[in-house]
Amino acid sequence: MGKMEFEKLLEQAKAGDKAAQEEIFRMYRPLLIKNAMEQNVFEEDLYQELSATLLNCIRKFRV
């Protein structure tokens, strides 16, 4: 996905497009999972916090 395509997707997500939000979430899911690992154990609560933070950042990001 190119920069222009991502910017358009981000604009749609900011406008409340659930499909666009889900697409961005899918793109970053591997990173969220990686960062939710504590000593090689998946921490569900941390994953949920990271997911909520990502969605909050989508809403606040200036394009």
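Refer to the structure printed above.
Rules and cut-offs
- Per chain, the residues get numbers from 1 upward, laid out in the order the sequence is written.
- Side-chain atom pairs in this predicted model are given and counted only at pLDDT of 80 or more, local residue features only at pLDDT of at least 70, and totals for whole chains, interfaces and linings cover all residues.
- For side-chain calculations, the full set of non-hydrogen atoms in the structure is used, while hydrogens and water are omitted.
- Strands here are runs of E lasting at least two residues and helices are runs of H or I lasting at least four, both read from the DSSP assignment and numbered beginning at the N terminus.
- The buried label goes to any residue with under 20% of its type's maximum accessible area, the exposed label to any with over 50%, and the partly exposed label to all in between, with areas taken from a 1.4 Å probe on protein chains only.
- Should any heavy atoms of two residues lie within 4.5 Å, those residues are considered in contact.
- Any pair of nitrogen or oxygen atoms within 3.5 Å is treated as a polar contact; in protein, a donor-acceptor pairing is required on top of that, and neighbouring residues in sequence qualify only through side-chain atoms on both sides.
- Take the number of residues in a helix, subtract one, and multiply by 1.5 Å to get its expected span.
- To be clear, the arc concerns the directions from the helix axis to the C-beta atoms.

**Q** Can you walk me through the environment of Q21 in this structure?
**A** Structurally, Q21 can be placed in helix α2 (residues 18-35). Residue classification places Q21 among the buried positions, given a relative accessible area of 10%. Along the sequence, Q21 and L10 sit eleven residues apart, while their C-alpha atoms lie 7.7 Å from each other. Contact partners of Q21, with chain neighbours within four places excluded, come to A13 and G16. A polar contact is formed between the side chain of Q21 and the backbone oxygen of A13, at a distance of 3.0 Å.

**Q** Is there a simple way to think about helix α3 (residues 44-60) in this case?
**A** In an α-helix, one full turn covers 3.6 residues, which means residues spaced three or four apart are oriented alike. A rise of 1.5 Å per residue sets the reference length of α3, with its 17 residues, at 24 Å; its end C-alpha atoms lie 24 Å apart and thus fit the reference within 8%. Listed as buried for α3 are Y47, S51, L54 and I58. Angular distribution of buried residues about the axis of α3 spans 60°; they occupy a single face of the element. With respect to the buried face of α3, the exposed residues turned more than 90 degrees away are D45, E49 and K60. For α3, the secondary structure elements touched by its buried residues are α1 (3-14), α2 and β2 (41-42).

**Q** Help me out: how do you make sense of the environment of M4 in this one?
**A** Residue placement: M4 occurs in helix α1. Under the relative-accessibility criterion, M4 is labelled exposed at 65%. It is 24 Å that separates the C-alpha atoms of M4 and L32, two residues lying 28 residues apart in sequence.

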